[in-house]
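Coordinate inspection notes
The chain contents come next:
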Amino acid sequence: REGIRPQNFGGMSGSVLGSLRPAWEQLSEIVAAKPLVALGIGTLSWIVLNRAAAVVLTSVAKFKSTKNMNELASCFPSIIHCTTVTLLAFEELSSRGWGWGSAPMEVLQALRNGDADGSRVFDMLGSNTPTGMTVMIWCTSYMFADMWFLLSYSPNVLFMAHHVATILYMTSSLALGLSDLSVCLCIFLGEMTNPINNCYAITDLLDNEGWVSPRWNMAAATALAASFVVVRMLYAPLGLGLVVLETMFHRTGAAAVPLLLRILWSTLVVGTIFVSGTFLKGLIGSIISRKTTTRSQAEDSAKKQ
């Protein structure tokens, strides 16, 4: 290959699913053939799982707050989603040339040496594959279902804005048929911290019910802050933000994606990194003040009034 020859610094090559890869490819072919049907089935499945979790919780425990119960029930599909979609997004990335260090190094070399032929080991503007499409459909179906939950049981402007942004990114990539790897990179880096985020949410809800010590929530908050520092603040600006910006506005072939769409995608990525920093700042402040739970923050606010 002429031009850019990045090394695979700390990266992986090939499938991480091993013997399950053929079955994953077969399933993806079915999903990619009828994406709207798959999206509808996925969305309905997430909603059913959410409500089933609520039924189980109400049958085994008595909650002081119905809101706490509903939010706790929503954590179960969230845990399943974030763990599976992280694995599947990582599978897509690693099987198509991505590495923790190789993708950013490739971009830095392109910015330094130019991009004469647009060649890439990790082609973020390439055509969508059936497996890449299935990752996006799996994630999109969850976002639609969680939007339904938020609107029905627990309105949260920040979460809804996040879901709208991710749905716009994924559905526009699906409609255009390009750039599934850029979406998978966003999914992987965005969802890999969510198991910890769910622990943070669950311990807060259990503290609200008086079932666990707030120290558990403090531990989860500390772990979440540490993961955000590493993934969102140290790695994402270069490994995601710069990679996406260079891909959308510098590399040969970027014009295949309409300019307004490239601006939208880039804005969503940079905006998410910025919001992550704002959230992290507030989280660190609550850790320092030792008031990470909703209950302790409400009590503190009442005292100040």
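Residues numbered from 1 in each chain as written. Predicted model: local features only at pLDDT ≥ 70, side-chain atom pairs only at ≥ 80, totals over all residues. Heavy atoms only, no water.

Attention now moves to the packing of aromatic side chains. Tallying each qualifying case throughout the model produces 13 aromatic pairs. Centroid distance Phe228 to Phe279: 5.4 Å. Interplanar angle 55°. Geometry classified as tilted. Placement of Phe228 in helix α9 (residues 214-249) and of Phe279 in helix α10 (residues 259-288) is noted, with a sequence separation of 51 residues between them. In this structure Phe279 comes out as partly exposed when scored by relative accessible area, which is 32%. (Phe/Tyr/Trp six-rings, centres within 6.5 Å; stacked < 30°, edge-to-face > 60°. Helix = DSSP H or I, 4+ residues; strand = E, 2+ residues; numbered from the N terminus. Buried < 20%, exposed > 50% of the residue type's maximum accessible area, 1.4 Å probe, protein only.)

To continue, consider unusual backbone geometry. We note that Ser179 has phi near 70°; this positive angle belongs to a residue other than glycine. Locating Ser179 in the fold gives a position in the loop between α6 (157-176) and α7 (180-191). You will see that Arg290, though not glycine, has its phi angle at about 60°, which is positive. Along the chain, the position of Arg290 falls in the loop between α10 and α11 (294-304). What makes Arg290 exposed here is its relative accessible area of 62%.

With that settled, consider a nonpolar patch on the surface. On the surface, Leu245, Phe249, Leu259, Leu260, Ile263 and Val270 cluster together into a nonpolar patch covering about 560 Å² of accessible area. Contributions of two or more residues to the nonpolar patch are made by α9 and α10. Here the nonpolar patch takes 4 residues from α10, the largest share from any one element. Topologically, Phe249 is positioned in helix α9. (Patch = residues over 30% accessible without salt bridge, like charges linked within 9 Å, V, L, I, M, F, W, Y side chains within 5 Å. Areas by Shrake-Rupley, 256 points an atom, 1.4 Å probe, with all protein chains shown as cover. Salt bridge = Lys/Arg side-chain N within 4 Å of Asp/Glu carboxyl O.)

Attention shifts here to the pattern of salt bridges. All told, the structure shown has 7 salt bridges when counted by the stated rule. When the shortest N-O distance is used, the salt bridge between Glu25 and Arg21 registers 2.9 Å. Here Arg21 and Glu25 lie together in helix α1 (residues 21-33), a separation of 4 residues that amounts to about one turn. Assessed through its relative accessible area of 37%, Glu25 is described here as partly exposed. Judged by its relative accessible area of 15%, Arg21 falls in the buried class. Here Arg251 and Asp123 are joined by a salt bridge, their closest N and O atoms 2.5 Å apart. Pair noted here: Arg251 is in the loop between α9 and α10 and Asp123 is in the loop between α4 (102-113) and α5 (130-152), with a separation of 128 residues, a long-range link.

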